[in-house]
Amino acid sequence: LSKMEDSTRARAFRRLQQTVAHLRPSLVSMSSASTNEYRKELLVVRKELLAMIQKLNCNPILVRLAWHDSGTYDMKTKSWPACGGANGSIRFDMELGHGANAGLIKAVNYLKKIKEAHPIISWADLIQLGSATAIEHAGGPKIPMRYGRVDTVTKEECPKEGNLPDAYPPFGDGAPSAGRHLRNVFYRMGFNDREIVALSGAHTIGRAFKERSGVVPNGYGEDTATKFTCPMHRARADKSTGVGMPGGKSWTANWLTFDNSYFHRQNDTKDLLWMPTDQVLHKDESFKVFFAMYAKDKNLFFSDYAKVHKKLSELGSKFSPKEGITLD
């Protein structure tokens, strides 16, 4: 009887191992595949991402997806994945259903075909690689990224709703002002005022939509597009035509080009977006110092942005191997 029990336990243990291998492929793959093999696969994926971005003009939504995966991090929570952060949990419908993530299912669907073709690559890595590639494709800095992130497995590991910044009051954290709200959110992740302003500069690319954030009347399609989000506008860094899906309202005129134009506020209130969380950056006594610095010096902005993007991309991440994997 003892031998039969041992045999039954052994079979149960093997089934458990198989189940874990199925549910957490990124962790299992990293233990069986060499770091070099994983790096080679990442390089192939980066080429596929570049081709997709070139075709679809989807730079902003890939950046937003990665930011919203990372931006749930709480440095006071020490256990993983309860701490939130860049762990791929945003791929689950539960987290995609959070109000701040409206529309991000589109970005997840963009990445699904690549993930299916390269199952060894974790969702967390794919999401962050997509963002860094999108920034570089738009003319932004090359970001010194690390890879090898381990994925969450189930929707139960998704963070609670309400960790991401709001655009307008009343703010979800009860903050009395936009400045206090930004500090509450980003200090929780371990950022300082200079880093908050540098990160905000990523709004040099991207748009807001009525159907997503709801902060603008401009929705999907040409009918409510501005002069900068209509099909004929050339917003890309290479000056090619194409804006992807028309519509929405952008922060900058050339919203598919990553530069420091966000810090050169234009007085076009009809066609450009500028929210309370943008306004406070050039009015608050601390924030406005860095806002002015980045307006004056694009190279300084790029240098600071690359560092803080890297920091954001690693918040709450568990790496395998622990030191991570670099590509360049």
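Anyway, here's the lowdown on the structure attached to this text. Being a predicted model, the structure only gives us computed values, none of them experimental.

1. Some details on the overall build of the protein chain
When helices and strands are tallied, the protein chain shows twelve helices and two strands. Counting helices and strands in the order they occur from the N terminus, the protein chain gives α-α-α-α-α-α-α-α-α-β-β-α-α-α. Out of the 328 residues in the protein chain, the part that is buried amounts to 54%. In the protein chain, the share of contacts with a sequence separation of at least 24, taken over all contacts with a separation of at least 6, comes to 71%. For the protein chain, the accessible surface area stands at approximately 15,300 Å², while carbon and sulfur atoms represent 55% of it.

2. Overview of the side chain of Ser122
With respect to the element layout, Ser122 can be found in the loop between helix H6 (105-117) and helix H7 (123-137). What makes Ser122 buried here is its relative accessible area of 0%. In this structure the side chain of Ser122 is engaged in a polar contact, spanning 2.8 Å, whose partner is the backbone oxygen of Arg149.

3. Description of the packing of helix H3 (residues 35-56) against H6
It is at 11 Å that the axes of H3 and H6 come closest, and there the two elements cross at 155°. As far as their axial angle goes, H6 and H3 are roughly antiparallel. Relative to H6, H3 is oriented so that their crossing is right-handed. On the side of H3, the interface is formed by Glu41, Val45, Glu48, Leu49, Met52 and Leu56, while H6 contributes Tyr110, Leu111, Ile114 and Ala117. Its residues assigned to classes, the contact of H3 with H6 shows eight nonpolar, no polar and two charged.

4. Comments concerning H6
With 13 residues, H6 extends 19 Å from end C-alpha to end C-alpha; this agrees with the ideal 18 Å at 1.5 Å per step. Maximum bend of H6: about 30°, positioned at Leu111. When we look at burial in H6, the residues that qualify are Ala107, Val108, Leu111, Ile114 and Lys115. Of the surrounding elements, those touching the buried residues of H6 are H3, helix H4 (59-70), helix H5 (93-96) and H7.

5. Some remarks on the pattern of salt bridges
Going through the model one piece at a time under the given rule, you end up with twelve salt bridges. We note a salt bridge from Asp328 to Arg46, for which the minimum N-O separation is 3.1 Å. Pair noted here: Asp328 is in the segment after helix H12 (298-314) and Arg46 is in helix H3, with a separation of 282 residues, a long-range link. Classification of Arg46 by relative accessible area gives buried; the value is 18%. One salt bridge in this structure joins Lys142 and Glu136, with 3.3 Å as the shortest N-O distance. The partly exposed category is assigned to Lys142, whose relative accessible area is 45%. Connected through salt bridges with shared partners, the residues Arg46, Glu136, Lys142 and Asp328 form a single ionic network.

6. Focus: the layout of surface pockets
For the second largest pocket, the calculated volume is near 230 Å³. Lining the second largest pocket we find 15 residues, and of these Arg46, Glu136, Lys142, Ile143 and Asp328 sit closest to its centre. Broken down by secondary-structure element, the contributors of at least two residues to the lining of the second largest pocket are H3 and H7. Here the lining of the second largest pocket takes four residues from H7, the largest share from any one element.

7. Brief notes about the side chain of Thr226
Structurally, the position occupied by Thr226 is in the loop between strand S1 (207-208) and strand S2 (249-250). In terms of polar contacts, Thr226 uses its side chain to reach the backbone amide nitrogen of Phe228, at 3.0 Å. Once residues lying within four places of it in the same chain are set aside, the contact partners of Thr226 are Asn218, Gly248, Lys249 and Asp271.

8. Observations regarding the nonpolar core
Considering soluble globular proteins, one finds that nonpolar side chains tend to be buried as a cluster. Membership of the largest hydrophobic core comes to 75 residues, with the highest contact counts inside it found for Leu111, Phe191, Phe258 and Tyr305. Looking at this core, the elements with two or more residues in it are H3, H4, H6, H7, helix H8 (178-189), helix H9 (193-200), helix H11 (287-296) and H12. The element contributing the most residues to this core is H7, with seven residues. The residues touching Phe258, leaving out its near neighbours within four places in the chain, are Ile135, Ala138, Gly139, Gly140, Pro141, Ala202, Thr204, Ile205, Phe301, Phe302 and Tyr305.

9. Considerations on the packing of aromatic side chains
Applying the stated criterion across every chain, the model contains 15 aromatic pairs. Ring centres 6.1 Å apart and planes at 65° place the aromatic pair Phe186 and Phe191 in the edge-to-face group. For the pair shown, Phe186 and Phe191 are each scored as buried. Of note, Arg146 hangs over the ring of Phe319, and the distance from its end group to the ring centre comes to 4.1 Å.

10. Let's talk about unusual backbone geometry
Here the amide bond leading from Pro169 into Pro170 is cis, since omega sits at 0°, within 30 degrees of zero. As for its position among the elements, Pro170 is in the loop between H7 and H8. The backbone phi angle of Asn57 is positive, close to 55°, even though this residue is not glycine. Relative to the assigned elements, Asn57 resides in the loop between H3 and H4. Residue classification places Asn57 among the buried residues on the basis of a relative accessible area of 9%. Residues other than glycine seldom take positive phi values, yet Lys239 does so here, at roughly 65°. In this fold, Lys239 is placed in the loop between S1 and S2. Judged by relative accessible area, Lys239 falls into the partly exposed class, the value being 46%.

About the criteria used
- Every chain's residues receive numbers from 1 upward, in the order its sequence appears when written.
- At least 70 in pLDDT is required for a residue's local features to be given in this predicted model, at least 80 for side-chain atom pairs to be given and counted, and no such filter applies to totals for whole chains, interfaces and linings, which use all residues.
- Side-chain measures were taken over the full set of non-hydrogen atoms in the model, leaving aside hydrogen atoms and water.
- For the purposes of this entry, the term helix denotes a DSSP run of H or I that reaches at least four residues, the term strand denotes a run of E that reaches at least two, and both are numbered from the N terminus.
- When accessible area is computed with a 1.4 Å probe and restricted to protein chains, residues below 20% of their type maximum are described as buried, those above 50% as exposed, and intermediate ones as partly exposed.
- When checking whether two residues touch, look at their non-hydrogen atoms; a contact exists if any pair is within 4.5 Å.
- The Shrake-Rupley method, run with a 1.4 Å probe, gives the accessible areas here. Residue values count only the displayed protein chains as cover.
- Under the rule applied, a polar contact is a pair of N or O atoms within 3.5 Å (in protein, one hydrogen donor and one hydrogen acceptor; residues adjacent in sequence only if both atoms are side-chain atoms).
- For every element, the axis is a line fit to its C-alpha atoms; helices are fit only across the contacting stretch, and the angle between N-to-C directions ranges from 0 to 180 degrees.
- Should an angle fall under 35 degrees it is taken as roughly parallel, and over 145 as roughly antiparallel, whereas 65 to 115 is taken as roughly perpendicular and any remaining angle as oblique.
- Left-handed is the label given to a crossing in which the near helix is rotated counterclockwise from the far helix by less than a right angle, and right-handed is the label when the rotation is clockwise.
- Residues are sorted three ways: Asp, Glu, Lys and Arg are charged, Ala, Val, Leu, Ile, Met, Phe, Trp, Tyr, Cys and Pro are nonpolar, and all the rest, Gly among them, are polar.
- Take the residue count of a helix, subtract one, and multiply by 1.5 Å to get its expected span.
- Bend angle per residue: angle between axes fitted to the 7 residues ending at that residue and the 7 residues starting there.
- Whenever Lys or Arg places a side-chain nitrogen within 4 Å of a carboxyl oxygen from Asp or Glu, that contact is recorded as a salt bridge.
- A pocket, in this scheme, is an open set of points on a 1 Å grid over the protein atoms alone with protein on both sides within 12 Å along at least 5 of 7 lines, while a cavity is a set where a 1.4 Å probe fits but cannot get out; residues line either one if an atom lies within 4 Å of a point.
- Grid points are joined across faces, edges and corners, and a volume is the space filled by probe spheres set on the points.
- In plain words, nonpolar cores are sets of buried Ala, Val, Leu, Ile, Met, Phe, Trp, Tyr and Cys residues tied together by side-chain atoms within 4.5 Å.
- Classification of ring pairs uses Phe, Tyr and Trp, with its six-membered ring standing for Trp, and accepts pairs whose centres are within 6.5 Å; under 30 degrees between planes counts as stacked, over 60 as edge-to-face, and the remaining range as tilted.
- The rule is short: NZ of Lys or CZ of Arg within 6 Å of the ring centre and within 35 degrees of the ring normal puts a charge over the ring.

Interpretation note: all reported values are geometric properties and have no functional meaning in isolation.
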